[in-house]
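Report on the structure
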Amino acid sequence: MQCNYMAVVECLLRTSLMTASGNETDHAALLALKAGLVGGSPESVEALSSWNDSLHFCKWVGVTCKGRRHRRVTVLDLSDYNTGGVISPFIGNLSFLREINLSGNRLEGFIPKEIGLLSRLEVFNVSNNALQGPFPLQLTNCSRLLTLVLYSNELTERIPDQLGSMPKLKSLNIGRNNFTGEIPASLGNISSLLALKLADIRLRGRIPTNLGKLKNLAYLHICGNYLSGNIPSHFYNLTSLRTLAIVDNHLSGTVASSMGLHFPHLRVAFLGMNSFTGIIPPTILNISRLQKFDVTTNKFYGSVPKGLGRLEYLKLFALANNNLGSESEGDLDFLTNVTSNLKVLTIQKNRLGGMIPYSIGNLSSKIEHLYLGSNKISGHIPVGIGSLTSLVGLGLEYNKLSGEIPSSIGNLVMLQKLALGGNRLQGSIPSSLGKLTNLFNLGLEENQLEGSIPLNLQYCSGLKEFYLNNNELNGTVSEKLMSSLDQLTRLYLDGNYFTGYFPTSVGKLINLNALDVSYNKFSGEIPTELGKCSALEFLLVQENSLEGKIPSSLGALEAVQYLDLPGNNLSGGIPSELQGLRSLKFLNISFNQLEGPVPTKGVFNNLTAIYLQGNEKLCGGICCAEACNITSKLLNR
């Protein structure tokens, strides 16, 4: 019906436009545009409800007119109305248009070639839609165009070379489309260009040398492509650059050590997720207004430049996942002179050695994220780290740190993530950690911690992930603690010396996804309340002293994929309810004292998914050669 309606509307409009002139033409063209949009969604009807003859079209929503005698449409702004529909080709009859903004409307179909008739057009923005087809070549006829934004659509094929012939273009953003091919070298001919954004469009090949001619270019975004090769030497002619984003490509080679001298106005440098090698350019210290510097996931080596305190505007310094450092003393000396405005410092996954400077507490009063994990850092955690009270995330995991966890960490009340796992930390868990009420991730795994879990951790009621595995902790796990941590999604207590009954309050952890209490000394029965943990996918209780029957309530764990219960003293029969666990892919109940018939449905019908050995009194089923006698069958019926 809508197709027929549209055809009639277009026929009538073509007839009227043959005789119309001036603002009558604009009126008719707007009605055609409305016909293409209305019906795309209920929102479009409401958004364009003012587009009727009760108002002059110059007062319609999103329409701006100019001119004293003959009012003509100069601006069409329907951004973020979520209209749906298509762009009518009659938009090309709005000959006085200077600005079109149809972004955020879920538009489909093609960009009409009639756009090329708009000789006065200066701004064309159709970002965040679902437009298809190749780049609309007719747009290059709009010689006055200053801003062209096609970001986030479904446009295809190559970016045309003719795009380089637009003499006044200042901002070009065609990122997040499905274009193919290479960056056209002709773009280097647009001398007026201030912003060039070609991110996330699968471009291949090298960065064209010709881009070095864009002396006015301030913003270059070419991240998220498949660009390869070195940074061309002419690239360093872009002396006006403020933002350089070439993240997530296949670029290689070195970054010029004189980089900071060529880009004196740079504010943001994102070079991460490539294969750059060599040293971090020491001349970055000359970029006086640098705010963000990110070279994460490359192959840089050598030392971290000292004197970062000179960069008074620096907020983010990210060097993670490189080969920086020498695994020796002095690698962290740069931390003694850092700007007070720094908010994010990430240097994890390098080869940095030595001790954390005792002056770390003077690092920056504004530091929010400090990640030093997966290096070769040794010595104690300085007490002064508790002075960094703006910290939201602190990562010191998988180093060679020793000594005790300083109680001063309890002063970091803004902390949401604390990662200290994989070190050689000793002593008890400080009760002061209970003051970290904003904590949602606590990792203390793989250390030499001893003692019990402090009850004060009950105040960390927002905790979602809690890792205590592979320490020397002992004592019981408190019912009160368990019931307080009811937001937990992951709880790892395995590889310790915990004793006593496992708390029945575990049933309150309805968001729990993974529970591992293997290799401890828990006794008593598996809590039947575990059946209330409806989100549980992984349950591991291997090698404890658990006894009694396997709770039939485990049959209610519809999401469970992995049940690992071997090496206990479990007795009785295998609950038939386990047959109904459709998500279950692995079941290990070996080396217990189970007896009776093995179920035959569900996971029990897959010999490679179940482990039952070491239960001498089990019989029948797919796994056991010994058939069950009639008495056993009657008892288990």
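The model shown is predicted, which means the values in this text are computed figures rather than measured ones.

**Details of the sheet that holds strand E39 (residues 545-549)**
Across the sheet, eight strands lie side by side as E31-E33-E35-E37-E39-E41-E43-E45; this open sheet has parallel pairing. Only two strands of the sheet have a single neighbouring strand rather than two, namely strand E31 (450-451) and strand E45 (617-619). Bridge analysis of strand E37 (residues 521-525) against E39 gives three bridges, and the strand direction is parallel. In the strand pairing of E39, Glu 525 is matched with Glu 547.

**Describing the state of the cysteines**
Applying the stated criterion to the full structure yields one disulfide. Shown here is the disulfide that connects Cys 58 with Cys 65, its sulfur atoms set 2.1 Å apart. Its torsion about the S-S bond being -95°, the disulfide of Cys 58 and Cys 65 is classed as left-handed. Like Cys 65, Cys 58 is buried.

**Points about the sheet that holds strand E5 (residues 132-134)**
Strand order in the open sheet made by the three strands is E5-E7-E9, with parallel pairing throughout. Every other strand in the sheet has two partners, leaving E5 and strand E9 (178-180) as the edge strands with one partner each. Mean inter-strand twist for the sheet, computed between neighbouring axes without regard to direction, equals 10°.

**Topic: the domain arrangement of the protein**
Accessible area lost on assembly of the parts is the figure often given for the size of an interface. As far as domains go, the protein holds domain 1 (21-156) and domain 2 (474-636). A straight line from the C-alpha centre of domain 1 to that of domain 2 covers 63 Å.

**Brief notes about helix H2 (residues 23-37)**
Note: α-helices contain 3.6 residues per turn, so residues at a spacing of three or four share the same orientation. Spanning 15 residues, H2 covers 21 Å between terminal C-alpha atoms, matching the ideal 21 Å at 1.5 Å per step. Looking only at H2, the buried set comprises Thr 25, Asp 26, Ala 28, Ala 29, Leu 30, Ala 32, Leu 33, Ala 35, Gly 36 and Leu 37.

**Notes on the packing of aromatic side chains**
Any two aromatic rings considered together are summarised by their centre-to-centre distance and by the angle between their planes. Scanning all chains against the criterion turns up eleven aromatic pairs. Ring geometry for Tyr 236 against Phe 263: centres 5.7 Å apart, planes inclined by 25°, an arrangement best described as stacked. Of the two residues, Tyr 236 is situated in the loop between strand E13 (226-229) and strand E14 (243-245) and Phe 263 in the loop between helix H4 (259-262) and strand E16 (268-270); the sequence distance between them amounts to 27 residues. No difference in accessibility class separates Tyr 236 from Phe 263, as the two residues are buried. For the ring pair Tyr 467 and Tyr 492, a centre distance of 5.4 Å and an interplane angle of 15° mean the geometry is stacked. Here Tyr 467, found in strand E32 (residues 465-467), pairs with Tyr 492, found in strand E34 (residues 490-492); they are 25 residues apart in sequence, far enough to count as distant.

**Regarding the environment of Glu 46**
If you trace the backbone, Glu 46 turns up in helix H3 (residues 42-47). On the basis of relative accessibility, which here comes to 63%, the residue Glu 46 falls in the exposed class. Sequence-wise, Glu 46 and Tyr 81 are 35 residues apart; in three dimensions their C-alpha atoms are separated by 9.3 Å.

**Description of the pairing of strand E25 (residues 376-380)**
When strand E23 (residues 353-355) meets E25, the two strands line up parallel, connected through three bridges. In the strand pairing of E25, Gly 353 is matched with Lys 376. Pairing geometry for E25 and strand E27 (residues 400-404), over three bridges, is parallel. Among the inter-strand pairings, Ser 378 is bridged to a residue of E27, identified as Lys 400.

**Remarks on empty space enclosed by the protein**
Rolled over the atoms, a probe with the dimensions of a water molecule shows which regions are left empty. Scanning the entire structure with this criterion turns up four cavities of 30 Å³ or more. Of the pockets and cavities examined, the largest cavity occupies roughly 60 Å³. Considering the residues around the largest cavity, the lining is formed by Phe 502, Leu 515, Val 517, Phe 522, Ile 526, Pro 527, Leu 530, Val 541 and Leu 546. The volume enclosed by the second largest cavity comes to roughly 50 Å³. The wall of the second largest cavity is formed by Ile 453, Phe 466, Val 477, Leu 481, Met 482, Leu 485, Leu 488, Leu 491 and Leu 493.

**Thoughts on the pattern of salt bridges**
When charged atoms on two side chains of opposite charge get close, those side chains can pair. Following the criterion strictly, the structure yields four salt bridges and no others. A salt bridge links Arg 176 to Asp 200, with the nearest nitrogen and oxygen atoms 3.9 Å apart. On the criterion of sequence distance, the pair formed by Arg 176 in the loop between strand E8 (171-173) and E9 and Asp 200 in the loop between strand E10 (195-197) and strand E11 (204-205) is long-range, its members being 24 residues apart. Looking at Asp 200, the relative accessible area reads 32%, which means it is partly exposed. Across the pair Glu 327 and Arg 351 runs a salt bridge, and its minimum N-O distance is 3.4 Å. Of the two residues, Glu 327 is situated in the loop between strand E21 (323-324) and strand E22 (344-346) and Arg 351 in the loop between E22 and E23; the sequence distance between them amounts to 24 residues. Residue Glu 327 is classed as partly exposed on the basis of its relative accessible area of 41%.

**Details of the environment of Tyr 151**
Mapped onto the elements of the fold, Tyr 151 is located in the loop between strand E6 (147-149) and strand E7 (154-158). Those residues within four positions of Tyr 151 in sequence are excluded, and the remaining contacts are Ser 127, Asn 128, Asn 173, Ile 174, Gly 175, Arg 176 and Asn 177. One polar contact links Tyr 151 to Arg 176, side chain to side chain, over a distance of 3.4 Å.

**Description of unusual backbone geometry**
Residues other than glycine seldom take positive phi values, yet Ser 152 does so here, at roughly 60°. Take Ser 152: it is sitting in the loop between E6 and E7. Accessibility expressed as a relative area gives 17% for Ser 152, which makes it buried. Even without a glycine there, the phi angle at Asn 470 is positive, about 60°.

**Some points on the side chain of Asn 471**
Among the secondary structure elements, Asn 471 is positioned in the loop between E32 and strand E33 (472-475). The exposure class of Asn 471 is buried, given its relative accessible area of 4%. In terms of polar contacts, Asn 471 uses its side chain to reach the backbone carbonyl oxygen of Leu 444, at 3.0 Å. Asn 471 has contacts with Leu 444, Glu 445, Glu 446, Asn 447, Gln 448, Leu 449, Gly 495, Asn 496 and Tyr 497, leaving out every residue within four places of it along the chain.

**Some words on the pairing of E13**
Side chains Leu 227 and Gly 229 project from E13 onto a buried face, and the interleaved Tyr 226 and Ser 228 project onto a face without burial. Relative to E13, E11 runs parallel, the two sharing two bridges. Of the residues in E13, the one forming a bridge with Arg 204 is Tyr 226. Here two bridges tie E13 to strand E15 (residues 250-254), and the two strands are oriented parallel to one another. Within E15, the position partnered with Ser 228 by the bridge is His 250.

The rules we used
- Residues numbered from 1 in each chain as written.
- Predicted model: local features only at pLDDT ≥ 70, side-chain atom pairs only at ≥ 80, totals over all residues.
- Heavy atoms only, no water.
- Pairing = 2+ DSSP bridges.
- Helix = DSSP H or I, 4+ residues; strand = E, 2+ residues; numbered from the N terminus.
- Disulfide = S-S within 2.5 Å.
- Buried < 20%, exposed > 50% of the residue type's maximum accessible area, 1.4 Å probe, protein only.
- Axes fitted to C-alpha atoms, helices over the stretch in contact; angles between N-to-C directions.
- Domains from an automatic or database assignment.
- Expected span 1.5 Å × (residues − 1).
- Phe/Tyr/Trp six-rings, centres within 6.5 Å; stacked < 30°, edge-to-face > 60°.
- 1 Å grid on protein atoms, 1.4 Å probe; cavity = no way out; pocket = protein on both sides within 12 Å on 5 of 7 lines; lining within 4 Å.
- Points joined across faces, edges and corners; volume = space filled by probe spheres on them.
- Salt bridge = Lys/Arg side-chain N within 4 Å of Asp/Glu carboxyl O.
- Contact = heavy atoms within 4.5 Å.
- Polar contact = N/O pair within 3.5 Å; in protein donor to acceptor, adjacent residues only side chain to side chain.

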